[in-house]
Amino acid sequence: MALESPLDNGGVPLYLDTASAAPVRREALEAAWPYLTGAFGNPSSHHEVGRTSADALKDARRRVAKMLGMRSTDIIFTSGGTESDNLAIIGIALGAGTDGDAGASGDAGADGDDGSGAGPGGRPPRRHIVISALEHEAVLAAAEFLVRRHGFEITEVPVGPDGTITVEALGSALREDTLLVSLGYANNEIGTVADIAALARVAHDAGAFFHTDAVQAAGWLPLDGLGVDAMSLAGHKVGAPKGIGVAAIRARIPLEPLIHGGGQESGRRSGTENVALAVAFATALELAEAERTETAGRVQAIRDDFIAEVLATVPGAFLTGSESLRSPNHASFCFSGTSGEAVLLELERLGITASSGSACAVGSDEPSHVLTALGIDDDLAKTSVRFTFPTDFTAEEGHRAAHAVSAAVKNLALSYT
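The present account deals with the structure reproduced in this document.

About the criteria used
Residues numbered from 1 in each chain as written. Predicted model: local features only at pLDDT ≥ 70, side-chain atom pairs only at ≥ 80, totals over all residues. Heavy atoms only, no water. Salt bridge = Lys/Arg side-chain N within 4 Å of Asp/Glu carboxyl O. Helix = DSSP H or I, 4+ residues; strand = E, 2+ residues; numbered from the N terminus. Buried < 20%, exposed > 50% of the residue type's maximum accessible area, 1.4 Å probe, protein only. Pairing = 2+ DSSP bridges. Axes fitted to C-alpha atoms, helices over the stretch in contact; angles between N-to-C directions. Contact = heavy atoms within 4.5 Å. Parallel < 35°, antiparallel > 145°, perpendicular 65-115°, else oblique. Left-handed = near helix turned anticlockwise from the far one by under 90°. Nonpolar A, V, L, I, M, F, W, Y, C, P; charged D, E, K, R; others polar. Patch = residues over 30% accessible without salt bridge, like charges linked within 9 Å, V, L, I, M, F, W, Y side chains within 5 Å. Areas by Shrake-Rupley, 256 points an atom, 1.4 Å probe, with all protein chains shown as cover. Lys, Arg positive; Asp, Glu negative; His and termini not counted. Charge placed at Lys NZ, Arg CZ, Asp CG, Glu CD. Polar contact = N/O pair within 3.5 Å; in protein donor to acceptor, adjacent residues only side chain to side chain. Phe/Tyr/Trp six-rings, centres within 6.5 Å; stacked < 30°, edge-to-face > 60°. Lys NZ or Arg CZ within 6 Å of the ring centre and 35° of its normal. Expected span 1.5 Å × (residues − 1). Bend = angle between axes of the 7 residues up to and from the residue.

## Details of the pattern of salt bridges
Point 1. If you walk through the whole model with that rule in mind, you get 18 salt bridges.
Point 2. Between Asp-74 and Arg-250 there is a salt bridge whose closest N-O contact spans 3.7 Å. Of the two residues, Asp-74 sits in the loop between helix H2 (48-68) and strand S2 (75-78) while Arg-250 sits in the loop between strand S8 (245-249) and helix H7 (275-313), which places them 176 residues apart along the sequence. No difference in accessibility class separates Asp-74 from Arg-250, as the two residues are buried.
Point 3. Through salt bridges that share partners, Asp-59, Arg-62, Arg-63 and Glu-286 make up one connected network.

Structural data, given as structure tokens:
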């Protein structure tokens, strides 16, 4: 039997790795262009050219804050999700961890609201942080740094076999000296979505701050009304260029900067701001949020059909992550008896671009820490493949992709015999 060829699958490549990077929106580029050309001034300069840039930066900050239900003073523009995670976790730990009276609040704190709230006073310094084993490498590495260099203690909250975290599990992991909880909103490798609002309430009841890495959630899940103290976002997941992100951290929270210098971003992140990319980020996020309800519902239905077709046609395939509590554009599998990298190469030959998991684990040939945390053994974890769909994904493309997955596994089986 002959191996299936790219032409048999339609011949037009499909990019199904938007969890790594989404296409840049034309509107975001057009919004950024003036600040790369005529309005190129430094926003800290006290002249007309600088004031033009400063006004654009202020407006971008206001627009992002509005979409997150936060205040403009809470928004810190960064280089991306990794920096935002590090600033939120390390910055809060070092800024508030030695202050026994610094308390968390679940108040949404949008522009014009009070947003204040005092936690329990008279407490000893808090040097305990709660995360899960499923977190992005940026969260895990930031937490490990605090343990190694600053004597913090870390507890990993237990997770279910589908990656879910219950409020009871979080409650059991909290202590009197817990300063911060950091749990991801939508997992980048298995797509499982956490009930962030409920988890944040549990953390606040214990007087702890709550941070969520919402990088994979933006454009697919609601960002407003979560009641978090800090949130991380990355532009290249929502249609802005790479190199721009947001650390949304309540301004009332003591924060130790990671980057010191001229005191930009209200003293919380020094360095000349990238006005053009900040404008691009605000534009892309606004468009993604405006389209979110329709896009998420449409793509989720196609995603569900794709999952059903793959499970029905590929022997040994099983879905990783939650079947129901899953990001609308995400499908991930293990293909028993194969190699994930071999499946990806065969899929690329058939015109389908996917991934084996996080693009941020550069050069690693180790099994996914997310999958092994779910109890999946190392060999099976190495067969994983992730598909993350674009906003304009169609039912016909979903069927083509599922057919290609079946053909790729079949071709590999034939090549082994």
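## A few points about the sheet that holds strand S9 (residues 317-319)
Point 1. Judged by pairing direction, the sheet is antiparallel, and its 3 strands sit side by side in the order S9-S10-S12 without closing on themselves. Edge positions in the sheet fall to S9 and strand S12 (384-388), since each has one partner strand and no second. Geometrically, the sheet is characterised by an average inter-axis angle of 30° between neighbouring strands, direction not taken into account.
Point 2. Of the pairings in the sheet, the one linking strand S10 (residues 330-335) to S12 comprises 5 bridges and is antiparallel in character. What sits directly across from Cys-334, in S12, is Ser-384.
Point 3. Packing of H7 onto the sheet brings it into contact with S9, S10 and S12, and relative to S10 it is tilted by some 10°.
Point 4. Across the sheet, helix H8 (residues 340-349) is in contact with S10 and S12; its angle to S12 comes to roughly 45°.

## Considerations on the packing of helix H3 (residues 81-96) against helix H4 (residues 137-150)
Point 1. Put simply, H3 and H4 touch, their axes get as near as 9 Å, and they point 30° apart. On the basis of the axis angle, H3 is roughly parallel to H4. Note on packing geometry: the crossing formed by H3 with H4 is right-handed. Here Thr-82, Asp-85, Asn-86, Ile-89, Ile-90, Ala-93 and Leu-94 of H3 come into contact with H4, specifically with Ala-138, Val-139, Ala-142, Phe-145, Leu-146 and His-150.
Point 2. Of the residues that constitute the contact of H3 with H4, the class distribution is 9 nonpolar, 3 polar and 1 charged.

## So, a negative patch on the surface
Point 1. A cluster of acidic residues, Glu-366, Asp-377, Asp-378 and Asp-379, forms a negative patch at the surface.
Point 2. Mapped onto the elements, Asp-379 comes out in helix H10 (residues 378-381).
Point 3. Take Asp-379: its relative accessible area is 62%, and that puts it in the exposed class.

## Things to note about the sheet that holds strand S4 (residues 153-157)
Point 1. Read from one edge of the open sheet, 7 strands run S2-S8-S7-S6-S5-S3-S4, paired in mixed fashion. Each of the sheet's edge strands pairs with one partner strand only, and the pair in question is S2 and S4. Along the sheet, successive strands turn relative to each other by an average axial angle of 20°, direction set aside.
Point 2. Helix-sheet contacts for H7 involve S2, strand S7 (230-234) and S8, and the interaxial angle to S7 is about 100°.

## Points about the environment of Thr-338
Point 1. Looking at where Thr-338 falls in the secondary structure, it is placed in the loop between S10 and H8.
Point 2. Taking relative accessible area as the criterion, Thr-338 reaches 18% and is therefore assigned buried.
Point 3. The spatial distance from the C-alpha of Thr-338 to the C-alpha of Lys-382 is 8.7 Å, given a sequence separation of 44 residues.
Point 4. When residues no more than four places from it in sequence are discounted, the contact partners of Thr-338 are Val-343, Thr-383 and Val-409.
Point 5. A distance of 2.6 Å separates a polar atom in the side chain of Thr-338 from the backbone oxygen of Phe-335.

## What about the packing of aromatic side chains?
Point 1. Tallying each qualifying case throughout the model produces 6 aromatic pairs.
Point 2. Here the aromatic rings of Phe-306 and Phe-389 are separated by 5.2 Å at their centres, their planes lie at 80°, and the arrangement is edge-to-face. Placement of Phe-306 in helix H7 and of Phe-389 in the loop between S12 and helix H11 (395-416) is noted, with a sequence separation of 83 residues between them.
Point 3. Given the relative accessible area of 0%, Phe-389 is considered buried.
Point 4. When the ring of Phe-333 is compared with that of Phe-387, the centres are 6.1 Å apart and the planes differ by 70°; the resulting orientation is edge-to-face. Of this pair, Phe-333 sits in strand S10 while Phe-387 sits in strand S12; the two residues are 54 residues apart in sequence, bridging distant segments of the chain. Here the two residues Phe-333 and Phe-387 agree in accessibility, since each one is buried.
Point 5. Among the aromatic side chains, those forming a connected cluster through ring pairs are Phe-306, Phe-333, Phe-335, Phe-387, Phe-389 and Phe-393.
Point 6. In this structure, Arg-127 is placed above the aromatic ring of Phe-152, and the distance from its NZ or CZ to the ring centre is 4.3 Å.

## What to know about H7
Point 1. Helix length check: H7 (39 residues) gives 49 Å between terminal C-alpha atoms against 57 Å at 1.5 Å per residue, more than 12% under.
Point 2. The sharpest bend along H7 comes to roughly 65°, located at Arg-292.

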